[in-house]
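Listed below are the residues making up each chain.
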Amino acid sequence: MSAHIKLGRYKSTAKWAALAGSALLALAAGLYFGLEGPQNSAAPLMGLTLPDVDGKDQRLDQWKGKVLVVNFWATWCEPCRKEMPEFVKAQARFSGKGLQFVGIAIDQPDKIRQFARELNLNYPSLVGGYGALELSKGLGNRVMALPFTVIVNRNGEIAYTQMGPLNSVKLDLILTELISNAT
Amino acid sequence: MLCAGPLAVLAADVNLLPPEQAFRFSARALDARTLEARFAIADGYYLYRDKLKFAVTPEAAILGSPDLPAGKVKTDEFFGKVETYRGTLVVKLPVSGVAAGQTVVLAADSQGCADVGVCYPPTRQKLTLALPAPGSGPGTLVDATPPKKTWFK
């Protein structure tokens, strides 16, 4: 009997755990896909001007109206380098559909250039510094680590942020959805 | 199944330590000519050997080459062979140009990563040590004062 009660309680606990799990899932999804609200405005990011590897200033708002993936990275960050081939593939696949990747490298221009060449990087990488990392903190990069990725929808709202590497299947799902949501 | 990735990363993000906690820097003066720097590296984090740099002030103080232990060698696709440290790292640093009883500021630049797949920019941590008088034994272990970060230019 006691064993039965225990089992029952366990079941009930498991049920609650499952419910709590679903709630967490919903919460996580809400956090990640929080598409509404002015707090999701990518304006501070889009207002950024950073030099490219040739020293020429580039404004992020030149890609306004596109689905924009901004990836903070560095050559000294191995997990950053490991995920970038997936970004190259995605850029190639969706470039005709209004997708633009932009790297912000917390690094030296010659190192960025060297790695970009090795990878056949098909999107620009701008040169960031302290200011760029501080800005990423405001976007959710609490400990200012890399990689950190922000996906901006066509309306200039932050649709997704990712601390650490982006799962390639997840990336594909998000991009497919955001690209099909024409404004 | 698709949820496993992002949820795992979400959890990782919640738990990610700031670099000064992931790589806790402390030091003591063993005698008037030798400093001992320590990094307490949290589980699941590692430091790069070739990114460790030390400096002392005042200007008259001169730091010799750090006695860095061998790290764990791994091959990095971009940088070639790199060595990493985990756990507790102890580094002896010869110091000259300052007398017993004087204080020095020891700065350590380090750079490391977490196994969950993120890396921290180079971080500078500092502390102040008093050099012990001859025969008085090692000084007490001093923790780093609030951190200052440095970035590549």
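This one's a predicted model, so the numbers in the text were calculated from it and none came from an experiment.

Engineer: Please clarify how the pairing of strand S7 (residues 80–85) of chain B should be interpreted in this entry.
Structural biologist: Two faces belong to every sheet, and in a regular strand the side chains alternate between them. All names here are of chain B. Bridging between strand S3 (residues 45–48) and S7 involves two bridges; their strand directions are antiparallel. Within the sheet, the bridge partner assigned to Leu47 lies in S7 and is Tyr85. Of the strand pairs in this sheet, strand S6 (residues 72–76) and S7 are connected by five bridges, and their pairing is antiparallel. The residue bridging Lys74 from the neighbouring strand is Val82, located in S7. Connecting the antiparallel pair S6 and S7 is a turn made up of three residues.

Engineer: Sorry if this is basic, but what is going on with the pattern of salt bridges here?
Structural biologist: Pairing is possible between side chains of opposite charge, provided their charged atoms come close. Scanning all chains against the criterion turns up 11 salt bridges over all chains. Here Glu36 of chain B and Arg28 of chain B are joined by a salt bridge, their closest N and O atoms 2.9 Å apart. With a relative accessible area of 24%, Arg28 of chain B lands in the partly exposed category. Shared partners join several salt bridges into a network, and the residues in it are Glu78 and Lys82 of chain A together with Lys74 of chain B.

Engineer: Mind showing me how you'd approach the packing of helix H3 (residues 78–94) of chain A against helix H6 (residues 168–180) of chain A here?
Structural biologist: To describe two helices that pack against each other, one gives the angle between their axes and the distance between the axes. Residue and element names in this part refer to chain A. Between H3 and H6, whose axes approach to 11 Å, the crossing angle comes to 25°. Looking at the two axes, H3 sits roughly parallel to H6. In this structure, the crossing between H3 and H6 has a hand that is right-handed. Residues Glu86, Phe87, Ala90, Arg93 and Phe94 of H3 lie in contact with H6, whose contacting residues are Ser168, Leu171, Asp172, Leu175, Thr176 and Ile179. Looking at the contact of H3 with H6 residue by residue, the classes come out as six nonpolar, two polar and three charged.

Conventions used here
Positions within a chain are numbered from 1, following the residues in the order the chain's sequence is written. Labels are handed out in written order, letters beginning with A for the chains and numbers beginning with 1 for the ligands. Only residues with pLDDT of 70 or above have their local features reported here, since the model is predicted, and side-chain atom pairs are shown and tallied only from 80 upward, although totals for entire chains, interfaces and linings are computed over all residues. Side-chain metrics rest on all non-hydrogen atoms present in the structure, leaving aside hydrogens and water. Strand pairing follows a simple DSSP-based rule, namely that at least 2 bridges must link the two strands. Only runs of H or I of at least four residues qualify as helices and only runs of E of at least two qualify as strands under DSSP, and these elements are numbered from the N terminus. We count a salt bridge whenever a side-chain nitrogen from Lys or Arg sits within 4 Å of a carboxyl oxygen from Asp or Glu. Burial classes: relative accessible area under 20% of the type maximum marks a residue as buried, over 50% as exposed, and values in between as partly exposed (1.4 Å probe, protein chains only). Fitted lines through C-alpha atoms serve as axes, helices being fitted only where they are in contact, and the angles separating the N-to-C directions of these axes extend from 0 to 180 degrees. Angle categories: roughly parallel below 35 degrees, roughly antiparallel above 145, roughly perpendicular from 65 to 115, and oblique for all the rest. Here is the rule for handedness: rotate from the far helix to the near one, and if that takes an anticlockwise turn smaller than a right angle the crossing is left-handed, while a clockwise turn gives right-handed. Contact between two residues is taken to exist if any of their heavy atoms lie within 4.5 Å; hydrogens are not considered. Side-chain classes are defined by residue name, with Ala, Val, Leu, Ile, Met, Phe, Trp, Tyr, Cys and Pro counting as nonpolar, Asp, Glu, Lys and Arg as charged, and the others, Gly among them, as polar.

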